[in-house]
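# Descriptive structure summary
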Amino acid sequence: MNAAEELKQAMPAAVVSTGMLIDKPLAIIKKEEILKAAGKVKEMGFDNLSVITGIDYRDRFEVIYNFFSYKKKENLVLKVVLDHEAPSVDSVASIWKVADWLERETYDLVGIKFTGHPNLVRILLPDGWNGHPLRKDYDMETEQFVTMGEDGEDIVSTDGSNLLRRR
Amino acid sequence: MDSVTIDTTKIKPAKKKPETALEKLNDTGLINTLLAAREREGMILFSTVDQFINWGRFSSLWPVTSGLACCAIEMMAVTMAHHDLARFGMEAFRASPRQADLMFVAGTVTKRMAPRVKQLYEMMAEPKWVISIGSCANTGGPYIESYSVLKGVDNIIPVDVYVPGCPPRPEAWLYGIIQLREKIKSQGYGAKWGLNK
Ligand code: SF4
């Protein structure tokens, strides 16, 4: 029995289905239950949340949590499916400290709201950037430029007139 | 102590005032310098100010220590002993842009880094030159379709030499440096200020 099935046995109400993602056990979790599932995963001996990703499928968003256990050398992938209009899911940062930055990245680039996150602000792009670039409907036509203010803070603008050389 | 005797016969008479045109020309000292140079058989070099100053400039180009992405790793290879940047007098990578007169833009210029790169360039003292290294700095390279990368560093600062490649081999890098030296050689020394172009 792999880790995903183990998780399903432990909390049958939370797990929608199990399967394999390439060669890693995969469990699709109800989005209300992700916090409990993340806690259970920790109890099961997984000690590393290696990455959180978000994917835009045009009709839905998926957030994928990749766990790894250094002791057992095992992988486990959790997945939640979110609706496309207002994607939001509970933050697991209270259980997994590393999720703080990983969720900020997912918020920054895919625009998924993590409720209960201690500090949900952009991590890679400067504040004031318009849109979330890894969304399929991101506007690639308007180019955004970053300039520096007096105190070295980033200012986002679309003209970049004090950055670009006049030709 | 012996008393000093002065042989007055060896003292030349005070120079007489130049009268003829030839004497006046002699008096400027220019002819004397030329004659002295001939007598010294090559011990005096003649040069133009341009040549002399440019020789000083291209023989000790000091680059500023700045790298942006993978091309900067190649920059480290260029500075190592195997490729011997020291023979160009430019192994002294300065940690301060105030002391540098060459900037390698080595790597991807992201939108967020662009104002910093521009500021670094503006902090360098004139005269200064820029070599754009790699596809990223030249045009945006593999990231030309990206939302976050500037499409060529020449959008924000003037570039003297472009070196293509991803990353350019150290040989290409050295070739770019040689091209920049040629460029400096052919410039009037005031070219950077808009004088005698
Ligand atoms: S040109 Fe290639 S090697 Fe250089 S910074 Fe860009 S991707 Fe990296």
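Use the structure listed above.
The final tally for this structure, using the stated rule, is six aromatic pairs over all chains. Their ring planes at 50° and their centres at 5.0 Å tell us that F67(A) and W96(A) sit as a pair that is tilted. With F67(A) in strand β4 (residues 60–69) and W96(A) in the loop between β6 (88–90) and α3 (99–110), this pair connects stretches of sequence that are 29 residues apart. Judged on exposure class, the residue F67(A) and its partner W96(A) are both buried. Taken together, W129(A), Y138(A) and Y147(B) form an aromatic cluster joined through their ring pairs. Directly above the aromatic system of W96(A) lies the positively charged group of K42(A), at a separation of 4.8 Å from the ring centroid. We note R60(A) situated over the ring of Y57(A); from NZ or CZ to the ring centre the distance is 4.3 Å.

Turning our attention to the site of the ligand. Residues and elements named next belong to chain B. The environment of the ligand is made up of A69, C70, C71, G107, T108, G134, S135, C136, G165, C166 and P167. Among the elements of the structure, α4 (70–79) and α6 (134–139) are those that each provide at least two residues to the shell around the ligand. The biggest single contributor to the shell around the ligand is α6, with three residues. Tallied by class, the residues present in the shell around the ligand amount to six nonpolar, five polar and no charged.

In this structure, P127(B) follows E126(B) across a cis peptide bond, with omega equal to -5°. Within the element layout of this structure, P127(B) appears in the loop between α5 (114–123) and β2 (129–133). The backbone phi angle of I22(A) is positive, close to 55°, even though this residue is not glycine. Looking at the secondary structure, you find I22(A) in the loop between β1 (15–21) and β2 (24–29). Within the chain, K73(A) stands out as a residue other than glycine whose phi angle is a positive 55°. Position of K73(A) among the secondary structure elements: in the loop between β4 and β5 (74–83).

Attention now moves to the sheet that holds β2(A). All names here are of chain A. Read from one edge to the other, the open sheet built from five strands follows the order β1-β2-β5-β4-β3, with strand pairing classed as mixed. The open sheet is flanked by β1 and β3 (48–56), the only strands paired with a single partner. The mean angle between the axes of side-by-side strands here comes to 20°, regardless of whether they run parallel or antiparallel. Pairing of β1 with β2 involves six bridges; the strand directions are antiparallel. Across the sheet, residue S17 finds its bridge partner in β2, namely I28. In this fold helix α1 (residues 3–10) packs onto β1, β2 and β5, with an angle of close to 170° to the strand it touches most, β1. The strands that α3 touches are β3 and β4; relative to β3, the one it contacts most, it runs at about 15°.

This part is about α4(B). All names here are of chain B. Considered for burial, the residues of α4 that qualify are C71, A72, E74, M75 and V78. In a view along the axis of α4, the buried residues occupy a sector of 150°, so they form one face of it. Among the exposed residues of α4, those oriented more than 90 degrees off its buried face are C70 and I73. Residues of α4 that are buried make contact with β1 (102–106), β2, α6 and α7 (170–186).

Next up on the list: the sheet that holds strand β3 (residues 161–163) of chain B. Residue and element names in this part refer to chain B. On the basis of which strands lie adjacent, the open sheet formed by three strands has the order β1-β2-β3 and parallel pairing. Single-partner strands in this sheet number two, and they are β1 and β3. Going from strand to strand, the sheet's axes swing by 20° on average, the running direction of each strand aside. Here five bridges tie β1 to β2, and the two strands are oriented parallel to one another. Paired with A106 across the bridge in β2 is I133.

Residue and element names in this part refer to chain B. A large share of β2 lies buried, amounting to five of its five residues. The alternating pattern of β2 places W129, I131 and I133 and V130 and S132 on opposite faces, both of which are buried. Read from β1 through α5 to β2, the crossover connection turns out right-handed. Here three bridges tie β2 to β3, and the two strands are oriented parallel to one another. Following the sheet pairing, I131 is matched in β3 by V161.

Rules used throughout
- Residues numbered from 1 in each chain as written.
- Chains lettered and ligands numbered in written order.
- Predicted model: local features only at pLDDT ≥ 70, side-chain atom pairs only at ≥ 80, totals over all residues.
- Heavy atoms only, no water.
- Phe/Tyr/Trp six-rings, centres within 6.5 Å; stacked < 30°, edge-to-face > 60°.
- Helix = DSSP H or I, 4+ residues; strand = E, 2+ residues; numbered from the N terminus.
- Buried < 20%, exposed > 50% of the residue type's maximum accessible area, 1.4 Å probe, protein only.
- Lys NZ or Arg CZ within 6 Å of the ring centre and 35° of its normal.
- Near = heavy atom within 4 Å.
- Nonpolar A, V, L, I, M, F, W, Y, C, P; charged D, E, K, R; others polar.
- Pairing = 2+ DSSP bridges.
- Axes fitted to C-alpha atoms, helices over the stretch in contact; angles between N-to-C directions.
- Contact = heavy atoms within 4.5 Å.
- Arc of directions from axis to C-beta.
- Right-handed = clockwise from strand over helix to strand, strands pointing away.

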